[in-house]
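Spelled out from the first residue to the last, the chains are:
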Amino acid sequence: MTTGRIHSWDLSTGVDGPGTRFVLFVNGCPLRCLYCANPDTWHMRDGKEATVDEVMAEIEKHRPFITAAGGGVTITGGEPLLQSAFTAALLRRCKEAGLHTALDTSGFLGARATDRLLADTDLVLLDIKSFDAETYRDLTGGRLEPTLDFATRLDRLGVPMWICYVLVPGWTDDPRSVDSLARFVANLSTVDRVDILPFHKLGAEKYDTLGIPFPLRDTPVPDPDMIDRVRRQFRDHGLAAY
């Protein structure tokens with residue numbers, strides 16, 4: 001019986017894929033993004049053990065609502081590919097149940113996603129955190145290359161993508177880096193849209209509760225002009241940016 005460590009689930013509209021989504025948050029992440037809003041999902045040990053059957057039973061309770069709104073199921077985290085076997089099994093069950101599936105990932109562990117797992121994934125929400133390798137390392141503690149390799153692989157396999165880009169003043173707002181990322185993304189034929197996600201501090205209280213410092217507590221949120229400029233940069237490369 002396939003089990004995983006999960007944090008929680010929620011229903012959302014418009015952010016985690018098309019329509020109304022059943023969003024499952026799994027525990028465990030190999031990155032430590034400075035702006036992470038969910039530090040309570042970093043460690044697998046903190047999650048509740050659940051079987052695929054148990055998660056599917058919860059999803060089925062909400063099937064009429066999510067399907068009526070053209071939605072489906074999104075697996076996020078944490079990092080779902082840290083629990084690749086559980087994620088694969090859940091995606092397979094959702095596909096067998098006729099539900100639209102989405103995988104929200106940094107792509108850092110993209111090598112753990114088998115072709116079968118990706119065949120059961122209708123949409124990948126790929127979070128490319130920076131296009132500058134040094135900034136990526138300073139911002140996340142990881143390497144950029146695995147994410148770019150995963151994006152190229154998804155394109156080759158014909159898997160639809162939404163690119164997610166968190167805009168953090170002083171970190172990911174450099175015009176040259178944004179333009180380089182836009183050029184890279186524009187060459188991926190399966191990218192449907194780019195979502196510019198303004199940095200926020202809504203997770204600050206979680207850091208306080210956990211007794212750990214929030215590294216970007218004093219970083220300002222992006223102003224409307226910055227957000228519009230970055231969106232225009234992606235649109236100038238023929239991309240649908242929101």
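See the structure printed just above.
A brief structural summary.

Conventions used here
- Residues numbered from 1 in each chain as written.
- Predicted model: local features only at pLDDT ≥ 70, side-chain atom pairs only at ≥ 80, totals over all residues.
- Heavy atoms only, no water.
- Axes fitted to C-alpha atoms, helices over the stretch in contact; angles between N-to-C directions.
- Helix = DSSP H or I, 4+ residues; strand = E, 2+ residues; numbered from the N terminus.
- Left-handed = near helix turned anticlockwise from the far one by under 90°.
- Contact = heavy atoms within 4.5 Å.
- Buried < 20%, exposed > 50% of the residue type's maximum accessible area, 1.4 Å probe, protein only.
- Pairing = 2+ DSSP bridges.
- Arc of directions from axis to C-beta.
- Parallel < 35°, antiparallel > 145°, perpendicular 65-115°, else oblique.
- Nonpolar A, V, L, I, M, F, W, Y, C, P; charged D, E, K, R; others polar.
- Core = buried A, V, L, I, M, F, W, Y, C linked by side-chain atoms within 4.5 Å.
- Lys, Arg positive; Asp, Glu negative; His and termini not counted.
- Salt bridge = Lys/Arg side-chain N within 4 Å of Asp/Glu carboxyl O.
- Polar contact = N/O pair within 3.5 Å; in protein donor to acceptor, adjacent residues only side chain to side chain.

For the rest of this paragraph, the subject is the packing of helix H7 (residues 175-186) against helix H9 (residues 224-235). With their axes 9 Å apart at the nearest point, H7 and H9 run at an angle of 35° to one another. The two elements H7 and H9 meet at a crossing, and its hand is right-handed. Contact residues: H7 offers Pro175, Val178, Asp179, Leu181 and Ala182, while H9 offers Arg229, Val230, Gln233 and Phe234.

In terms of residue burial, strand S6 (residues 123-127) counts as a mostly covered element, since five of its five residues are buried. Burial along S6 is two-sided: the residues Leu123, Leu125 and Asp127 and Val124 and Leu126 are all buried. Relative to strand S7 (residues 161-167), S6 runs parallel, the two sharing four bridges. By the bridge assignment, Asp127 is partnered in S7 with Cys164.

Strand residues, when the strand is regular, have side chains that alternate between the two faces of the sheet. The pairing of strand S1 (residues 3-13) with strand S3 (residues 48-51) spans four bridges and is classified as antiparallel. Considered in S3, the bridge of Thr3 is made with Thr51. Across seven bridges, S1 lies against strand S2 (residues 20-26) in antiparallel orientation. Following the sheet pairing, Ser8 is matched in S2 by Phe25. Between S1 and S2, which follow one another and run antiparallel, lie six residues, and Gly14 among them has a positive phi close to 90°.

With that settled, consider helix H5 (residues 133-140). The complete set of buried residues in H5 reads Thr135, Tyr136, Leu139 and Thr140. Buried residues along H5 cover an arc of 105° about the axis, so they all sit on one side. One or two steps after H5, the chain reaches Gly141, where phi turns positive at roughly 85°.

As a further point, take the sheet that holds strand S5 (residues 100-105). Read across the sheet, eight strands follow the order S3-S1-S2-S4-S5-S6-S7-S8 without closing on themselves; strand pairing throughout is mixed. Every other strand in the sheet has two partners, leaving S3 and strand S8 (191-198) as the edge strands with one partner each. Neighbour to neighbour, the strand axes of the sheet diverge by 30° on average, direction disregarded. One ladder, built from four bridges, connects S5 with S6; its direction is parallel. Bridge assignment links Asp104 to a residue of S6, and that residue is Leu125. Contacting S5, S6 and S7, helix H6 (residues 145-157) crosses the sheet at an angle of about 155° to S6.

Right, let's talk about the packing of helix H1 (residues 52-61) against helix H3 (residues 84-96) for a bit. Running from N to C, H1 and H3 point in directions that differ by 40°, and their axes come no closer than 10 Å. With respect to H3, the axis of H1 lies oblique. Here H1 runs over H3; the crossing is right-handed. For the pair H1 and H3, the contacting residues are Val52, Asp53, Val55, Met56 and Ile59 in the first and Phe86, Ala89, Leu90, Arg93 and Cys94 in the second. Looking at the contact of H1 with H3 residue by residue, the class counts come to eight nonpolar, no polar and two charged.

With that settled, consider the nonpolar core. Grouped together as the largest cluster of nonpolar side chains are 67 residues, with contacts concentrated most on Ile59, Leu90, Val194 and Phe234. Excluding anything up to four places from it in sequence, Val194 contacts Ile163, Val185, Phe234, Leu239, Ala240, Ala241 and Tyr242. Core analysis: the next-biggest nonpolar cluster, separate from the first, contains five residues, Ala102, Leu123, Leu125 and Trp162 among them.

As a further point, take the side chain of Asp16. As for its placement among the helices and strands, Asp16 is situated in the loop between S1 and S2. Here Asp16 sits buried without a salt bridge, and the closest side chain of opposite charge, Arg21, lies 7.2 Å off (N-O distance). Here the side chain of Asp16 touches Ser12 through a polar contact of 2.6 Å, side chain to side chain. Dropping the residues within four chain positions of it, Asp16 is found in contact with Arg21, Val23, Thr74, Ala102 and Leu125.

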